[in-house]
Amino acid sequence: MSLTKRQILSAALGLAMAASAGLAQAQTALADIQKNKLIKVAVPTDYPPYGFVGVDMAPQGLDIDMARLIADKLGVKLELVPVSSPNRIPYLQSKKADLVISTLGKNPEREKVINFTAAYSPFFQGIFGPKGSKLTSLAELAGKSVGATRGAIEDQELTKLAPAGTEIKRFEDNNATVAAFVAHQTQFIATGVSVAEVMMQRNPALGAEFKLLLKESPNHIGVAKGEDALLAKVNEIIAQAKAAGELDKLSQKWLKRPAGNLPQ
């Protein structure tokens, strides 16, 4: 064997070992959680009933309860990390959180950068507006304004589906999106049905109602790429909670309906 071939073989072997070491290093989240007895979970605090701040200023909601369930099953302490729609995935990628449980819908774009567990709760997005306003198809959005939270599933769906001439007004968090609609800064609002229900309950004078379905999008838990051990463990917990009826109980508590037959 010539020196050149030996060098090539040595370099290839070195690259393979480095790749293997890198993968082994990446697969540390579950071990670190178990070692430190702590899991950091990114959750919403502006998206009732999934995550919001109660009168005692403590986070509560379906996503917070799900984070507690996972921490309890792992036997570790829970640290809640408040996030907004735009920074949920960056927090996971930068290791500021071990998991994202924050009304996270699964789509091809997000699957390129993070992994998803099986679904843990139902969710769908719609367009809502005043009862007297006519909106029976997406085509009728042309020339009208609709508010959406930047980076959320409803923002992505509107961007793809809304006709030319639609004015999509994007806001940095759900509170700002709702506030703009309540203040009549937008004619319509695109948001999750549960958020809309809370908004309508708190603002009955709006006379708002459901207009159009944008997307059925069950919630999944986000896990960083390369953390297959953590992904498998969380999926195991979700499967056990589903079989035991715990997911149905959480959904019934916060959404007033069972979780039902959620997808993997």
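Residues numbered from 1 in each chain as written. Predicted model: local features only at pLDDT ≥ 70, side-chain atom pairs only at ≥ 80, totals over all residues. Heavy atoms only, no water.

With respect to the side chain of Arg 110
Then, in step 1: Take Arg 110: it is sitting in helix 5 (residues 108-111).
Then, in step 2: Buried and unpaired, Arg 110 has no salt bridge, with Glu 109 as the nearest side chain of opposite charge at 7.3 Å.
Then, in step 3: One polar contact links the side chain of Arg 110 to the main-chain carbonyl oxygen of Gly 151, over a distance of 3.2 Å.
Then, in step 4: Beyond its immediate sequence surroundings of up to four residues, Arg 110 is in contact with Arg 88, Ile 89, Leu 104, Gly 105, Phe 116, Gly 151, Ala 152, Ile 153 and Gln 156. (Helix = DSSP H or I, 4+ residues; strand = E, 2+ residues; numbered from the N terminus. Buried < 20%, exposed > 50% of the residue type's maximum accessible area, 1.4 Å probe, protein only. Lys, Arg positive; Asp, Glu negative; His and termini not counted. Salt bridge = Lys/Arg side-chain N within 4 Å of Asp/Glu carboxyl O. Polar contact = N/O pair within 3.5 Å; in protein donor to acceptor, adjacent residues only side chain to side chain. Contact = heavy atoms within 4.5 Å.)

Digging into the packing of helix 3 (residues 62-74) against helix 10 (residues 246-255)
Then, in step 1: Where helix 3 meets helix 10, the closest approach of the two axes is 10 Å, and the angle between their N-to-C directions is 155°. The angle between helix 3 and helix 10 places the two elements in the roughly antiparallel class. Relative to helix 10, helix 3 is oriented so that their crossing is right-handed. Counted together, Leu 62, Asp 65, Met 66, Leu 69 and Lys 73 of helix 3 and Glu 246, Leu 247, Leu 250, Ser 251, Lys 253, Trp 254 and Leu 255 of helix 10 form the full contact between these two elements.
Then, in step 2: Across the contact of helix 3 with helix 10, the residue classes tally to 7 nonpolar, 1 polar and 4 charged. (Axes fitted to C-alpha atoms, helices over the stretch in contact; angles between N-to-C directions. Parallel < 35°, antiparallel > 145°, perpendicular 65-115°, else oblique. Left-handed = near helix turned anticlockwise from the far one by under 90°. Nonpolar A, V, L, I, M, F, W, Y, C, P; charged D, E, K, R; others polar.)

Some points on empty space enclosed by the protein
Then, in step 1: Evaluated as defined, the whole model comprises 2 cavities of 30 Å³ or more.
Then, in step 2: Estimated volume of the largest cavity: approximately 70 Å³.
Then, in step 3: Around the largest cavity sit 13 residues that line it, and Arg 88, Thr 103, Ala 152, Ile 153 and Glu 154 are the ones nearest its centre.
Then, in step 4: If you list the elements that add at least two residues to the lining of the largest cavity, you get strand 6 (99-105) and helix 6 (153-161).
Then, in step 5: Here the element with the most residues in the lining of the largest cavity is strand 6; it accounts for 3 residues.
Then, in step 6: Broken down by class, the residue content of the lining of the largest cavity amounts to 5 nonpolar, 5 polar and 3 charged.
Then, in step 7: Taken as a whole, the second largest cavity holds about 40 Å³ of empty space.
Then, in step 8: In terms of lining residues, the second largest cavity is bounded by Pro 44, Asp 46, Tyr 47, Val 83, Ser 84, Ser 85, Arg 88, Ser 102, Thr 103 and Asn 174.
Then, in step 9: Secondary structure elements with two or more residues in the lining of the second largest cavity: strand 2 (46-47) and strand 6.
Then, in step 10: Looking at the lining of the second largest cavity residue by residue, the classes come out as 3 nonpolar, 5 polar and 2 charged. (1 Å grid on protein atoms, 1.4 Å probe; cavity = no way out; pocket = protein on both sides within 12 Å on 5 of 7 lines; lining within 4 Å. Points joined across faces, edges and corners; volume = space filled by probe spheres on them.)

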